[in-house]
Amino acid sequence: MTADAVFAAALDTAQRTATAISQLSASEDVGLDTAYATQHALIARRLARGERITGIKLGFTSQAKAQQMGVHDVIIGTLTDAMRLDDGAAFDRRSAIHPRIEPEVAYLLAADIDGSDIDRPLSEVVAAVAPALEIIDSRYRDFRFSLADVVADNTSAAAYVIGPWTPFVQAGALDNRAVRLEVDGRIRATGSTAAILGDPGRAVAAAARLASRHGFTLRAGMVLLAGAATAAIPLPDHGMVEATITGLGRVTIRTHDGSDSLQEGTR
């Protein structure tokens, strides 16, 4: 087996069993090309089990987070239908290793795009925009990783939920919208959409550029998660997590660790 196939098998098993593994870079010198090849092999395993690609996501779109990691560009990952949850649905905390959650801006692509489309007006390539929540869950021990590690691990993608869509032409400028992240009605983080590349709309051109460079395909109807608007917080064992973006509305997800259903069964 090639190195990327071996890495993909290890990461796939880690995700399916919710068991952390050592960082790939701890034992091998893993470059970015090998990391993206690993990610593609990892997604191929999921597709072989019947999953479908529903979109893509960007990482390190926050300048502060990028500087912390010592990187100078964003990274790209893949979303599948197995990661998608309905607004207000429940996420079983036991299916993840050490999950965190963050508020994002989601775009619905209106057209196929590639590296030649980076200068096209957003109104031509984006159909709608929505508030979103993403659950991230590194498959590495202690949630620690190098740039290549996190790319190989599909940018820590675990689950996502999309709030109500607003037609792009009605959404208005999104470069500085207030963002609030709450757990059971208590504010846990606040921020601005400006934290996403200065303007989340820039994520579309960034995604087109990265997709062309690293072998991704962006099709009409796909979702693009533009990046986090606040720092991620640990996902609670129980509770309601809600993100609100001014002018776009709110999106929620419930979380549990199985004890709720056990308690209900004993009442």
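Residues numbered from 1 in each chain as written. Predicted model: local features only at pLDDT ≥ 70, side-chain atom pairs only at ≥ 80, totals over all residues. Heavy atoms only, no water.

Visitor: Go over helix 1 (residues 3-17) with me, naming the residues and quoting the values.
Guide: For helix 1, with 15 residues, the first-to-last C-alpha span of 21 Å sits near the 21 Å given by 1.5 Å per residue. Turning to helix 1, its buried residues are Phe 7, Ala 8, Ala 9, Leu 11, Asp 12 and Ala 14. The elements touched by buried residues of helix 1 are helix 2 (32-48) and helix 5 (147-152). Ala 18 lies just past helix 1 and shows a positive phi near 55 degrees. (Helix = DSSP H or I, 4+ residues; strand = E, 2+ residues; numbered from the N terminus. Expected span 1.5 Å × (residues − 1). Buried < 20%, exposed > 50% of the residue type's maximum accessible area, 1.4 Å probe, protein only. Contact = heavy atoms within 4.5 Å.)

Visitor: So what about the packing of aromatic side chains? Which residues, and what values?
Guide: Taken as a whole and judged by the stated rule, the model has two aromatic pairs. Where Tyr 36 meets Phe 216, the ring centres are 6.0 Å apart and the plane angle is 85 degrees; that geometry is what we call edge-to-face. Placement of Tyr 36 in helix 2 and of Phe 216 in the loop between helix 7 (202-214) and strand 11 (223-228) is noted, with a sequence separation of 180 residues between them. Taking the relative accessible area as the measure of exposure, Tyr 36 reaches 3% and is therefore buried. With a centroid separation of 5.9 Å and 50 degrees between ring planes, the pair formed by Phe 143 and Phe 145 is classed as tilted. Seen from the ring of Phe 143, Arg 100 lies directly overhead, with NZ or CZ sitting 3.9 Å from the centre. (Phe/Tyr/Trp six-rings, centres within 6.5 Å; stacked < 30°, edge-to-face > 60°. Lys NZ or Arg CZ within 6 Å of the ring centre and 35° of its normal.)

Visitor: Could you give an account of the nonpolar core, naming the residues involved and the relevant values?
Guide: Membership of the largest hydrophobic core comes to 51 residues, with the highest contact counts inside it found for Leu 58, Ile 76, Tyr 107 and Leu 224. For this core, the element with the highest residue contribution is helix 7, accounting for seven residues. Ala 89, Ile 135, Val 183 and Ile 253 belong to the second largest nonpolar core, which has 18 residues in total. (Core = buried A, V, L, I, M, F, W, Y, C linked by side-chain atoms within 4.5 Å.)

Visitor: So what's going on with the sheet that holds strand 13 (residues 239-245)? Residues and values would help.
Guide: The strands making up a sheet associate through hydrogen bonds between their backbones, and the pairing can be parallel or antiparallel. Pairing is mixed in the open sheet, where five strands are placed in the order 4-14-13-9-10. The open sheet has two edge strands, strand 4 (90-92) and strand 10 (186-192), and neither has a second partner. On average, each strand axis in the sheet is tilted by 20 degrees relative to the strand beside it, whichever way the strands run. Here seven bridges tie strand 13 to strand 14 (residues 249-256), and the two strands are oriented antiparallel to one another. Paired with Val 241 across the bridge in strand 14 is Ile 253. (Pairing = 2+ DSSP bridges. Axes fitted to C-alpha atoms, helices over the stretch in contact; angles between N-to-C directions.)

Visitor: An account of the environment of Gln 63 is needed here, citing residue identities and associated values.
Guide: For Gln 63, the location among the structural elements is in helix 3 (residues 63-69). Residues Gln 63 and Phe 145, 82 residues apart in the sequence, show an inter-C-alpha distance of 18 Å.

Visitor: Can you tell me about the environment of Ala 158, naming the residues and giving the values?
Guide: Turning to its location among the elements, Ala 158 is positioned in strand 7 (residues 157-162). The partly exposed category is assigned to Ala 158, whose relative accessible area is 22%. The spatial distance from the C-alpha of Ala 158 to the C-alpha of Gln 15 is 8.6 Å, given a sequence separation of 143 residues. Once you skip the residues sitting within four places of it in the chain, Ala 158 turns out to touch Met 83, Ile 135, Ile 136, Asp 137 and Arg 139.

Visitor: Explain the pairing of strand 11 residue by residue, including any values.
Guide: Of all six residues in strand 11, six are buried; the element is thus mostly enclosed. Inspection of the sheet shows strand 1 (residues 53-59) paired to strand 11 by three bridges, in the parallel sense. The residue bridging Ile 56 from the neighbouring strand is Leu 224, located in strand 11. Two elements, strand 5 (residues 100-109) and strand 11, share four bridges in a ladder whose sense is antiparallel. Within strand 11, the position partnered with Glu 104 by the bridge is Ala 228.

Visitor: Let's hear about the environment of Asp 199: which residues, and what values?
Guide: Examined against the element boundaries, Asp 199 turns out to sit in the loop between strand 10 and helix 7. Between the alpha carbons of Asp 199 and Arg 177 there is a distance of 9.6 Å; along the sequence they are 22 residues apart. Beyond its immediate sequence surroundings of up to four residues, Asp 199 is in contact with Leu 174, Asp 175 and Ala 194. At 2.9 Å, the side chain of Asp 199 forms a polar contact with the backbone nitrogen of Gly 201. (Polar contact = N/O pair within 3.5 Å; in protein donor to acceptor, adjacent residues only side chain to side chain.)

Visitor: Describe the pairing of strand 7, naming the residues involved and giving the relevant values.
Guide: Of all six residues in strand 7, five are buried, a share of seventy percent or more. Pairing analysis gives two bridges linking strand 3 (residues 84-85) to strand 7, with the strands arranged parallel. Residue pairing across strands places Leu 85 opposite Val 161, the latter belonging to strand 7. Where strand 6 (residues 126-136) and strand 7 come together, five bridges link them in antiparallel fashion. Within strand 7, the residue paired with Glu 134 across the bridge is Tyr 160.

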